[in-house]
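Survey of secondary and tertiary structure
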Amino acid sequence: MEFREDILGAPYEAAELPLRADEEGAVHATLVRRLVPGSRQAVLYLHGYTDYFFQTNLADHFTAAGFSFYALDLRKYGRSLRPHQSPNFVRDLAAYDEEIDEAVRIVRDLDGHTRLLVNGHSTGGLVAALWASRRAGRGLVDGLFLNSPFLAMPTAPAIRAIGAPAIDALGRLAATRKLPAPLNPHYVHSLHRDHRGSWDFDLALKPAAGFPLYAGWLAAIQRGQRQVRRGLRIDCPVLLMASTASTVTNKWDPALLRTDAVLRADDIAALAPRLGRHVTTVRIDGGMHDLVLSGDEPRAQVFAELDRWTEAYFPAPGA
(Lines give C-alpha, C1' and ligand atoms only; values in the text may rest on other atoms or scores of the structure.)
Protein backbone atom coordinates (compact mmCIF):
# COMPACT_ATOMS: atom_id res chain seq x y z
CA MET A 1 0.00 0.00 0.00
CA GLU A 2 1.38 3.37 -1.03
CA PHE A 3 -0.18 6.81 -0.66
CA ARG A 4 0.17 9.10 -3.66
CA GLU A 5 -1.26 12.51 -4.50
CA ASP A 6 -5.03 12.25 -4.86
CA ILE A 7 -7.14 13.49 -7.77
CA LEU A 8 -8.07 16.45 -5.55
CA GLY A 9 -4.41 17.47 -5.40
CA ALA A 10 -2.27 18.25 -2.38
CA PRO A 11 -2.69 18.00 0.58
CA TYR A 12 -4.87 14.99 -0.23
CA GLU A 13 -3.25 11.58 -0.67
CA ALA A 14 -4.86 8.32 -1.74
CA ALA A 15 -4.00 4.64 -1.55
CA GLU A 16 -5.68 1.59 -3.06
CA LEU A 17 -6.80 -1.07 -0.58
CA PRO A 18 -6.84 -4.51 -2.24
CA LEU A 19 -9.86 -6.59 -1.23
CA ARG A 20 -11.08 -10.13 -1.79
CA ALA A 21 -12.19 -10.69 -5.38
CA ASP A 22 -15.87 -11.29 -6.12
CA GLU A 23 -17.80 -12.81 -9.05
CA GLU A 24 -16.85 -9.82 -11.23
CA GLY A 25 -13.13 -10.12 -10.56
CA ALA A 26 -10.61 -7.92 -8.76
CA VAL A 27 -11.97 -5.53 -6.12
CA HIS A 28 -10.41 -2.69 -4.19
CA ALA A 29 -11.38 0.41 -2.23
CA THR A 30 -9.61 3.76 -2.09
CA LEU A 31 -8.55 5.51 1.10
CA VAL A 32 -8.02 9.27 0.86
CA ARG A 33 -6.30 11.12 3.68
CA ARG A 34 -5.32 14.62 4.76
CA LEU A 35 -3.13 14.43 7.83
CA VAL A 36 -2.85 16.97 10.63
CA PRO A 37 0.71 16.64 11.99
CA GLY A 38 0.74 15.58 15.62
CA SER A 39 -3.00 14.92 15.78
CA ARG A 40 -4.19 11.84 17.68
CA GLN A 41 -7.81 12.29 16.58
CA ALA A 42 -9.18 11.35 13.17
CA VAL A 43 -12.42 11.20 11.22
CA LEU A 44 -13.26 8.57 8.60
CA TYR A 45 -15.87 9.64 6.03
CA LEU A 46 -18.16 7.25 4.11
CA HIS A 47 -20.00 8.66 1.07
CA GLY A 48 -23.53 8.02 -0.17
CA TYR A 49 -25.05 6.17 -3.15
CA THR A 50 -23.85 7.25 -6.63
CA ASP A 51 -21.24 9.32 -4.83
CA TYR A 52 -17.59 9.64 -3.89
CA PHE A 53 -15.51 11.89 -1.65
CA PHE A 54 -15.18 15.43 -2.99
CA GLN A 55 -16.52 17.48 -0.06
CA THR A 56 -13.30 19.32 0.72
CA ASN A 57 -15.19 21.89 2.79
CA LEU A 58 -15.98 19.08 5.24
CA ALA A 59 -12.31 18.11 5.37
CA ASP A 60 -11.36 21.79 5.83
CA HIS A 61 -13.66 22.01 8.85
CA PHE A 62 -12.38 18.86 10.51
CA THR A 63 -8.68 19.57 9.94
CA ALA A 64 -9.12 23.14 11.26
CA ALA A 65 -10.53 21.53 14.41
CA GLY A 66 -7.45 19.33 14.73
CA PHE A 67 -8.73 16.08 13.21
CA SER A 68 -6.79 14.19 10.58
CA PHE A 69 -9.27 13.50 7.80
CA TYR A 70 -9.78 10.21 5.96
CA ALA A 71 -12.40 9.22 3.39
CA LEU A 72 -13.20 5.88 1.79
CA ASP A 73 -14.40 5.49 -1.75
CA LEU A 74 -16.05 2.12 -1.21
CA ARG A 75 -15.72 -0.76 -3.66
CA LYS A 76 -17.27 -0.02 -7.08
CA TYR A 77 -17.75 3.68 -6.29
CA GLY A 78 -15.87 6.76 -7.42
CA ARG A 79 -12.11 6.29 -7.46
CA SER A 80 -12.57 2.56 -6.87
CA LEU A 81 -14.89 1.77 -9.80
CA ARG A 82 -13.36 -0.24 -12.65
CA PRO A 83 -14.72 -1.01 -16.15
CA HIS A 84 -15.39 -4.69 -15.36
CA GLN A 85 -17.62 -3.84 -12.39
CA SER A 86 -21.32 -3.10 -11.92
CA PRO A 87 -21.32 0.41 -10.40
CA ASN A 88 -22.21 0.60 -6.71
CA PHE A 89 -23.26 -3.08 -6.64
CA VAL A 90 -22.97 -5.26 -3.56
CA ARG A 91 -25.08 -8.20 -2.41
CA ASP A 92 -24.72 -7.55 1.32
CA LEU A 93 -23.84 -4.32 3.14
CA ALA A 94 -21.63 -6.34 5.50
CA ALA A 95 -19.22 -6.76 2.57
CA TYR A 96 -18.08 -3.19 3.25
CA ASP A 97 -16.75 -4.28 6.64
CA GLU A 98 -13.59 -5.45 4.87
CA GLU A 99 -12.53 -2.00 3.65
CA ILE A 100 -13.80 -0.17 6.73
CA ASP A 101 -11.85 -2.50 9.02
CA GLU A 102 -8.70 -2.02 6.92
CA ALA A 103 -9.13 1.75 6.89
CA VAL A 104 -9.55 1.79 10.67
CA ARG A 105 -6.40 -0.33 11.02
CA ILE A 106 -4.45 2.19 8.96
CA VAL A 107 -5.88 5.17 10.85
CA ARG A 108 -5.17 3.68 14.27
CA ASP A 109 -2.28 1.25 13.97
CA LEU A 110 -0.22 2.67 11.11
CA ASP A 111 -0.92 6.40 11.43
CA GLY A 112 -1.13 6.38 15.23
CA HIS A 113 -4.51 7.99 15.93
CA THR A 114 -6.05 6.98 19.24
CA ARG A 115 -9.58 8.37 18.81
CA LEU A 116 -11.80 7.92 15.76
CA LEU A 117 -15.01 9.56 14.63
CA VAL A 118 -16.79 7.83 11.73
CA ASN A 119 -18.91 10.14 9.55
CA GLY A 120 -21.39 8.58 7.13
CA HIS A 121 -23.66 10.32 4.62
CA SER A 122 -26.88 8.77 3.24
CA THR A 123 -26.13 5.14 2.26
CA GLY A 124 -22.75 5.60 3.92
CA GLY A 125 -24.63 6.53 7.08
CA LEU A 126 -26.55 3.25 7.01
CA VAL A 127 -23.36 1.32 6.28
CA ALA A 128 -21.50 3.11 9.09
CA ALA A 129 -24.29 2.48 11.62
CA LEU A 130 -24.49 -1.25 10.80
CA TRP A 131 -20.70 -1.58 10.93
CA ALA A 132 -20.48 0.24 14.27
CA SER A 133 -23.16 -2.03 15.71
CA ARG A 134 -21.36 -5.18 14.54
CA ARG A 135 -18.09 -3.85 16.00
CA ALA A 136 -19.58 -2.84 19.36
CA GLY A 137 -17.36 -3.66 22.33
CA ARG A 138 -14.10 -3.62 20.38
CA GLY A 139 -13.13 0.00 20.99
CA LEU A 140 -12.66 0.73 17.27
CA VAL A 141 -14.90 3.79 17.02
CA ASP A 142 -15.36 6.57 19.59
CA GLY A 143 -18.20 8.46 17.90
CA LEU A 144 -20.52 8.38 14.92
CA PHE A 145 -21.76 11.39 12.91
CA LEU A 146 -24.58 10.50 10.52
CA ASN A 147 -25.53 13.06 7.86
CA SER A 148 -29.02 12.24 6.46
CA PRO A 149 -28.47 8.47 6.84
CA PHE A 150 -30.47 6.13 4.57
CA LEU A 151 -32.36 4.46 7.42
CA ALA A 152 -35.67 4.10 5.53
CA MET A 153 -36.93 3.99 1.96
CA PRO A 154 -38.46 7.32 0.86
CA THR A 155 -41.94 5.80 0.57
CA ALA A 156 -44.92 5.33 2.87
CA PRO A 157 -44.64 2.35 5.29
CA ALA A 158 -47.59 0.59 3.65
CA ILE A 159 -45.94 0.77 0.23
CA ARG A 160 -42.64 -0.46 1.67
CA ALA A 161 -44.41 -3.42 3.28
CA ILE A 162 -46.07 -4.42 0.01
CA GLY A 163 -42.97 -4.06 -2.16
CA ALA A 164 -40.30 -5.42 0.17
CA PRO A 165 -41.00 -9.17 -0.31
CA ALA A 166 -40.83 -8.82 -4.08
CA ILE A 167 -37.50 -6.98 -3.90
CA ASP A 168 -36.12 -9.58 -1.49
CA ALA A 169 -37.10 -12.41 -3.85
CA LEU A 170 -35.71 -10.65 -6.90
CA GLY A 171 -32.51 -9.87 -5.02
CA ARG A 172 -32.02 -13.58 -4.33
CA LEU A 173 -32.95 -14.85 -7.80
CA ALA A 174 -31.64 -12.08 -10.05
CA ALA A 175 -29.34 -9.85 -8.04
CA THR A 176 -27.98 -7.98 -11.06
CA ARG A 177 -31.41 -7.25 -12.55
CA LYS A 178 -31.61 -3.55 -13.34
CA LEU A 179 -34.70 -1.85 -11.91
CA PRO A 180 -36.47 1.14 -13.50
CA ALA A 181 -35.76 3.62 -10.74
CA PRO A 182 -33.12 6.16 -11.82
CA LEU A 183 -32.25 9.05 -9.56
CA ASN A 184 -33.92 12.39 -10.10
CA PRO A 185 -31.22 14.41 -11.97
CA HIS A 186 -32.48 17.65 -10.43
CA TYR A 187 -30.86 16.75 -7.09
CA VAL A 188 -27.39 16.70 -8.65
CA HIS A 189 -28.30 19.80 -10.63
CA SER A 190 -29.10 21.53 -7.32
CA LEU A 191 -25.52 20.83 -6.22
CA HIS A 192 -23.26 21.24 -9.25
CA ARG A 193 -21.98 24.68 -10.17
CA ASP A 194 -22.54 24.06 -13.89
CA HIS A 195 -26.27 23.80 -13.19
CA ARG A 196 -28.01 25.47 -10.22
CA GLY A 197 -25.59 24.65 -7.41
CA SER A 198 -22.34 25.91 -5.94
CA TRP A 199 -20.09 22.84 -5.87
CA ASP A 200 -17.61 21.30 -8.26
CA PHE A 201 -17.34 17.53 -8.64
CA ASP A 202 -16.78 14.96 -11.37
CA LEU A 203 -20.08 14.20 -13.08
CA ALA A 204 -18.59 10.96 -14.42
CA LEU A 205 -18.18 9.72 -10.83
CA LYS A 206 -21.43 11.28 -9.58
CA PRO A 207 -23.68 11.44 -12.68
CA ALA A 208 -26.91 13.40 -12.52
CA ALA A 209 -29.02 10.43 -13.65
CA GLY A 210 -27.16 8.05 -11.36
CA PHE A 211 -26.05 4.51 -12.16
CA PRO A 212 -28.28 1.46 -12.72
CA LEU A 213 -30.25 0.36 -9.66
CA TYR A 214 -29.66 -3.36 -9.07
CA ALA A 215 -32.18 -5.63 -7.36
CA GLY A 216 -29.52 -7.26 -5.18
CA TRP A 217 -28.26 -3.91 -3.93
CA LEU A 218 -31.77 -2.72 -3.11
CA ALA A 219 -32.51 -5.98 -1.28
CA ALA A 220 -29.31 -5.51 0.74
CA ILE A 221 -30.42 -1.99 1.68
CA GLN A 222 -33.82 -3.34 2.80
CA ARG A 223 -32.16 -5.96 5.01
CA GLY A 224 -29.97 -3.31 6.58
CA GLN A 225 -32.93 -1.04 7.23
CA ARG A 226 -34.84 -3.91 8.86
CA GLN A 227 -31.91 -4.32 11.23
CA VAL A 228 -32.20 -0.64 12.13
CA ARG A 229 -35.94 -0.96 12.80
CA ARG A 230 -35.28 -3.94 15.07
CA GLY A 231 -32.68 -1.87 16.92
CA LEU A 232 -28.88 -1.64 16.73
CA ARG A 233 -26.41 -1.78 19.61
CA ILE A 234 -24.01 1.03 18.77
CA ASP A 235 -22.04 1.64 21.96
CA CYS A 236 -20.49 5.04 21.19
CA PRO A 237 -22.14 8.49 21.11
CA VAL A 238 -24.06 9.15 17.89
CA LEU A 239 -24.89 12.51 16.31
CA LEU A 240 -27.64 12.23 13.71
CA MET A 241 -28.55 15.23 11.55
CA ALA A 242 -31.40 15.57 9.08
CA SER A 243 -33.21 18.40 7.35
CA THR A 244 -36.46 19.73 8.75
CA ALA A 245 -38.30 19.08 5.47
CA SER A 246 -38.31 16.94 2.32
CA THR A 247 -39.38 17.53 -1.26
CA VAL A 248 -40.68 15.01 -3.80
CA THR A 249 -40.64 16.30 -7.38
CA ASN A 250 -39.79 15.16 -10.90
CA LYS A 251 -39.10 18.65 -12.16
CA TRP A 252 -37.03 21.62 -11.07
CA ASP A 253 -38.32 23.28 -7.91
CA PRO A 254 -36.47 25.94 -5.86
CA ALA A 255 -37.35 23.87 -2.77
CA LEU A 256 -34.61 21.47 -3.89
CA LEU A 257 -32.12 24.04 -2.61
CA ARG A 258 -33.47 24.04 0.97
CA THR A 259 -34.92 20.57 1.63
CA ASP A 260 -33.95 16.90 1.45
CA ALA A 261 -34.89 15.91 -2.10
CA VAL A 262 -33.72 12.28 -1.74
CA LEU A 263 -35.04 10.87 1.56
CA ARG A 264 -37.88 11.58 3.99
CA ALA A 265 -36.17 13.54 6.74
CA ASP A 266 -38.93 12.86 9.29
CA ASP A 267 -38.47 9.10 8.85
CA ILE A 268 -34.73 9.45 9.42
CA ALA A 269 -35.22 11.38 12.66
CA ALA A 270 -37.90 8.98 13.89
CA LEU A 271 -35.50 6.03 13.65
CA ALA A 272 -32.65 7.73 15.52
CA PRO A 273 -33.50 6.11 18.91
CA ARG A 274 -33.14 2.66 17.32
CA LEU A 275 -29.42 3.17 16.73
CA GLY A 276 -28.19 2.94 20.30
CA ARG A 277 -28.55 4.28 23.84
CA HIS A 278 -26.70 7.56 23.34
CA VAL A 279 -28.06 9.41 20.29
CA THR A 280 -28.28 13.16 19.71
CA THR A 281 -30.67 14.26 16.95
CA VAL A 282 -30.40 17.66 15.26
CA ARG A 283 -32.75 18.96 12.56
CA ILE A 284 -31.35 21.55 10.14
CA ASP A 285 -33.76 24.17 8.82
CA GLY A 286 -33.06 24.71 5.12
CA GLY A 287 -30.78 21.69 4.92
CA MET A 288 -30.34 19.72 1.69
CA HIS A 289 -29.86 15.95 1.55
CA ASP A 290 -26.09 16.27 1.90
CA LEU A 291 -26.23 18.76 4.73
CA VAL A 292 -22.62 19.92 4.33
CA LEU A 293 -23.47 21.04 0.77
CA SER A 294 -26.46 23.12 1.86
CA GLY A 295 -26.76 26.89 1.53
CA ASP A 296 -24.62 29.19 3.63
CA GLU A 297 -26.91 29.53 6.67
CA PRO A 298 -27.92 25.88 7.12
CA ARG A 299 -24.36 24.76 6.41
CA ALA A 300 -23.10 27.09 9.12
CA GLN A 301 -25.64 25.58 11.50
CA VAL A 302 -24.46 22.07 10.60
CA PHE A 303 -20.87 22.92 11.47
CA ALA A 304 -21.85 24.81 14.64
CA GLU A 305 -23.84 21.83 15.90
CA LEU A 306 -21.04 19.47 14.92
CA ASP A 307 -18.53 21.61 16.82
CA ARG A 308 -20.73 21.66 19.91
CA TRP A 309 -21.03 17.88 19.84
CA THR A 310 -17.36 17.17 19.14
CA GLU A 311 -16.27 19.61 21.86
CA ALA A 312 -18.29 17.49 24.29
CA TYR A 313 -17.15 14.05 23.12
CA PHE A 314 -13.81 14.81 21.41
CA PRO A 315 -12.36 17.64 23.53
CA ALA A 316 -9.11 19.20 22.40
CA PRO A 317 -5.99 17.99 24.24
CA GLY A 318 -5.71 19.77 27.55
CA ALA A 319 -9.33 20.98 27.48
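Just so we're clear, the structure is a prediction, and the values are computed from it rather than from any experiment. (Residues numbered from 1 in each chain as written. Predicted model: local features only at pLDDT ≥ 70, side-chain atom pairs only at ≥ 80, totals over all residues. Heavy atoms only, no water.)

1. Topic: the environment of Leu-213
Within the fold, Leu-213 resides in strand S9 (residues 213–214). For the pair Leu-213 and Thr-176, spaced 37 residues apart in the sequence, the C-alpha separation amounts to 8.8 Å. (Helix = DSSP H or I, 4+ residues; strand = E, 2+ residues; numbered from the N terminus.)

2. Here's the deal with the packing of helix H3 (residues 123–134) against helix H6 (residues 215–230)
At a minimum axis separation of 11 Å, H3 and H6 run at an interaxial angle of 55°. Viewed along their axes, H3 and H6 adopt a mutual orientation that is oblique. Remark: the crossing between H3 and H6 carries left-handed chirality. Contact with H3, carried on its side by Thr-123, Leu-126, Leu-130 and Arg-134, involves Trp-217, Ile-221, Gly-224, Gln-225, Gln-227 and Val-228 of H6 and no other residues of that element. (Axes fitted to C-alpha atoms, helices over the stretch in contact; angles between N-to-C directions. Parallel < 35°, antiparallel > 145°, perpendicular 65-115°, else oblique. Left-handed = near helix turned anticlockwise from the far one by under 90°. Contact = heavy atoms within 4.5 Å.)

3. Brief notes about the packing of helix H1 (residues 56–64) against helix H8 (residues 296–313)
A packed helix pair is summarised by two numbers, namely the angle formed by the two axes and the spacing between the axes. Packing of H1 against H8 leaves a shortest axis separation of 12 Å and a crossing angle of 35°. Of the two elements, H1 crosses H8, and the hand of that crossing is right-handed. Every residue of H8 that contacts H1 at Asn-57, Leu-58, His-61 and Phe-62 is listed here: Arg-299, Phe-303, Leu-306 and Asp-307.

4. Regarding the sheet that holds strand S7 (residues 143–147)
The sheet built from nine strands is open, its strands ordered S1-S2-S3-S5-S4-S6-S7-S10-S11 with mixed pairing. Looking at strand neighbours, the two that pair on one side only are strand S1 (4–5) and strand S11 (279–284), the edges of this open sheet. Alignment of strand S4 (residues 41–46) against strand S6 (residues 115–121), held across six bridges, turns out to be parallel. Paired with Gln-41 across the strands is Arg-115, a residue of S6. (Pairing = 2+ DSSP bridges.)

5. Considering the pairing of S4
Along any regular strand the residues' side chains alternate between the sheet's two faces. Taken across its six residues, S4 has six buried, putting it largely inside the fold. Side chains Gln-41, Val-43 and Tyr-45 of S4 all project onto a buried face; the interleaved residues Ala-42, Leu-44 and Leu-46 project onto the opposite face, where all are buried too. Note that S4 and strand S5 (residues 68–73) share five bridges and pair parallel. Note on S5: the bridge partner recorded for Val-43 is Phe-69. At this point the chain moves from S4, through H1, to the parallel S5, and the crossover so formed is right-handed. (Buried < 20%, exposed > 50% of the residue type's maximum accessible area, 1.4 Å probe, protein only. Right-handed = clockwise from strand over helix to strand, strands pointing away.)

Any functional reading would require information beyond the geometric quantities listed.
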